[in-house]
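# Analysis of the macromolecular model
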Amino acid sequence: MTSELRSVGIEPQFVTEEFFVNGLASLVQPGHETRAVLLGECNDLRQHIRALRSAGCENPIIVFRDFRNAQDTSELLNLGADDVIVSPIRGTEVLSRTNSIIRRFHGHAADSVVVGELTAFFDGRDPIVSGSRIKLSKREHSVFQHLALNSNKVISKDAIYDAVYGASIDQPFDKVIDVYICKLRKKIAMAADSGWQYIETVHGRGYKLSSPEQMSQVI
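The following refers to the structure shown. (Residues numbered from 1 in each chain as written. Predicted model: local features only at pLDDT ≥ 70, side-chain atom pairs only at ≥ 80, totals over all residues. Heavy atoms only, no water.)

## Some remarks on the overall build of the chain
- Of the regular secondary structure elements, the chain holds eight helices and nine strands.
- Taking the principal axes of its C-alpha atoms as reference, the chain extends roughly 55 × 35 × 30 Å.
- Going through the 219 residues of the chain one by one, you find that 44% of them count as buried.
- Taking the intrachain contacts of the chain between residues at least 6 apart in sequence as the baseline, contacts between residues at least 24 apart amount to 51%. (Helix = DSSP H or I, 4+ residues; strand = E, 2+ residues; numbered from the N terminus. Buried < 20%, exposed > 50% of the residue type's maximum accessible area, 1.4 Å probe, protein only. Contact = heavy atoms within 4.5 Å.)

Shown next as structure tokens:
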């Protein structure tokens, strides 16, 4: 299962039973709502779902099952699970279902959002700027994805950092987000017919992905 998830870019972080008692606070921090919680079969499955939702966790909760049972599926969904996937589990399906839940949580019905000359996709594809696709590294894409999901809204640097690195074992220096923002601006500006960077710095608050005519409007 781990290799199947990693094949589509999902890096699972495994937790113990203790996490559902003392570790849930980490999931309700700004920026962590894009991390899916994947639950397999266990005796405490229903209690885990209740604990997650009672703690205020808004993350996608996806349950993996070894069999199909309509009554059990209905019960899990009613408890707060977002989706139930039955074996065999495929990484591509998990990724697509997770992206679908996340984009709807952020108010996006379609698989993309258009901001001026820029089209951002929520399914893993690199963005298109003025008709040309720009290639982003894995980390650049993670930063850009969080900005795109919250397009036209100010997002703090801490929230972006947590969304990209919050569950990672290796915590880089705190200026790393500024570095990636700089790289993204350069790539977007080089591809845009207008030369616009599209990522605005809102001093004291964070960053905002928006079109030139919206950049003076702070949300």
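## A look at the pairing of strand β5 (residues 118-121)
- Here β5 shows two buried faces, one formed by Leu118 and Ala120 and the other by Thr119 and Phe121.
- Relative to β5, strand β4 (residues 112-115) runs antiparallel, the two being bridged by four bridges. Residue Ser112 lies in a different strand from β5, and its bridge partner there is Phe121.
- Where β5 meets strand β6 (residues 128-129), two bridges bridge the pair, whose relative direction is antiparallel. Following the sheet pairing, Thr119 is matched in β6 by Ile128.
- Between β5 and β6, which pair antiparallel one after the other, the connecting turn spans six residues, and Gly124 there sits at a positive phi close to 100°. (Pairing = 2+ DSSP bridges.)

These figures come from the coordinates and say nothing about function on their own.
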